[in-house]
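An overview of the molecular structure
Each chain is listed here by its residues.
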Amino acid sequence: MNILIVGGTGLTGATTARHLSTKGHQITLMSRSAPSNPALAEFAHICADYIDSKIDVESLRGFDALIFAAGADIRMLPEGEDPAAFFHRANTEAIPRFFNCAKHAGIKRAAYLGTYYPQVTPEKIESDSYVQSRYRADKAIREMSDDDFSVCSVNPPFIIGTFPGVVDAHLAAMTQYAAGLIEGLTPISPDGGVFHITAQSLAEALEGALLRGVAGKAYLVGDEYWSWQEYIEAFCREAGNAQTLAVSRDEHPLLPDMIMYAGRNAEVRYTPENAPLDYSTGSIAAAIEAVVETYLPR
């Protein structure tokens, strides 16, 4: 298939591009700026911002399928802009507008990378502007499904992984923190825990969604549940700073309340959906090892 990946230069998008390319698909990336990453040089690229209403039907013709991995979160919030207004503009309005163009351009199948919060914390849909915007975008695009345009969403928990030339600021900071290299911060753990999934497993899930996903369905995916204590202690071990961490119910410096939409110290447990997506599991520990090896100075 000739597949367009929007957000193709980020961790998940790049990993998905590489994965689909090995399966023989023709890949084109779309992002706001041309990739300088040599690992992505083999892929065609369209320089565009999906939030920009200048993207039209003609610019999307010729693709068989679409993977959208570019929804806006707190990391993209422009300085000085109201979060609710930004999330409404970037998610609630812009994502369905883009998918409508894709549908009228003749794209037949689409997989949308969402977030697990609307499914695991549905009470936040009305009270949190970010969760609300992702829910409304997800619902609107899945409702576009018909006999000629199949859309499903893949909704992951916390994502971990590495890709050559792509820096994940949070994972880099977690590595430095676990190694005891952030001045003034001694590693501790919040209470609770969540599911995690690797970027590679997520790439496989997105492939499964394109090939076998049921039109209009939202798939809640994940690999393994880890308590935050287990997770951060694993980073510490890999960083050569093994220890048993104290557990605190205070706001955590690397997992602040503003990104913990399920609530501070929450235990977010659920049964991840694998069929018919058929993605690999059991790889969180190996992913932590790879992340620390990538970001820890030697």
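The coordinates are above.
Residues numbered from 1 in each chain as written. Predicted model: local features only at pLDDT ≥ 70, side-chain atom pairs only at ≥ 80, totals over all residues. Heavy atoms only, no water.

1. Some remarks on the packing of aromatic side chains
In the structure shown here, the tally under the stated rule is 17 aromatic pairs. Aromatic pair F195 and Y225: ring centres 6.0 Å apart, planes at 70°, arrangement edge-to-face. A residue pair is termed long-range when its members are at least 10 positions apart, and F195 in strand β9 (residues 193–198) and Y225 in strand β11 (residues 224–227) qualify at 30 residues. Considered together, F195 and Y225 belong to a single accessibility category, that of buried residues. By the ring-pair criterion, three or more aromatic residues cluster together here, those being F86, F87, Y116, Y117, Y130, F195, Y225, Y261 and Y270. For the cation-ring pair, K217 lies above Y219, with the distance from its terminal atom to the ring centre recorded as 5.2 Å. (Phe/Tyr/Trp six-rings, centres within 6.5 Å; stacked < 30°, edge-to-face > 60°. Helix = DSSP H or I, 4+ residues; strand = E, 2+ residues; numbered from the N terminus. Buried < 20%, exposed > 50% of the residue type's maximum accessible area, 1.4 Å probe, protein only. Lys NZ or Arg CZ within 6 Å of the ring centre and 35° of its normal.)

2. Considerations on empty space enclosed by the protein
Tallied over the full model, the rule gives three cavities of 30 Å³ or more. In this structure, the largest cavity occupies an estimated 50 Å³ of space. When the residues that make up the lining of the largest cavity are grouped by side-chain class, the tally is nine nonpolar, one polar and no charged. (1 Å grid on protein atoms, 1.4 Å probe; cavity = no way out; pocket = protein on both sides within 12 Å on 5 of 7 lines; lining within 4 Å. Points joined across faces, edges and corners; volume = space filled by probe spheres on them. Nonpolar A, V, L, I, M, F, W, Y, C, P; charged D, E, K, R; others polar.)

3. Some remarks on the nonpolar core
If you look at the biggest cluster of nonpolar residues, it comprises 70 residues, and the most contacted ones within it are Y50, F98, F99, Y231 and F235. When residues in this core are grouped by element, the largest group, nine residues, is from helix α2 (residues 83–104). (Core = buried A, V, L, I, M, F, W, Y, C linked by side-chain atoms within 4.5 Å.)

4. Describing the sheet that holds strand β3 (residues 44–47)
Across the sheet, seven strands lie side by side as β3-β2-β1-β4-β5-β6-β10; this open sheet has parallel pairing. With partners counted over all chains shown, the strands left at the sheet margins are β3 and β10 (218–220), one partner each. Between one strand axis and the next, the sheet turns by 20° as a mean value, whatever way the strands run. Where strand β2 (residues 26–31) meets β3, four bridges bridge the pair, whose relative direction is parallel. For L29, the partnering residue across the bridge sits in β3 and is H45. Contacting β1 (2–6), β2, β4 (65–68), β5 (109–113) and β6 (150–155), α2 runs over the sheet at an angle of about 170° to β4. Each of β1, β4, β5 and β6 touches helix α6 (residues 199–212); the most contacted strand, β5, lies at about 150° to it. (Pairing = 2+ DSSP bridges. Axes fitted to C-alpha atoms, helices over the stretch in contact; angles between N-to-C directions. Contact = heavy atoms within 4.5 Å.)

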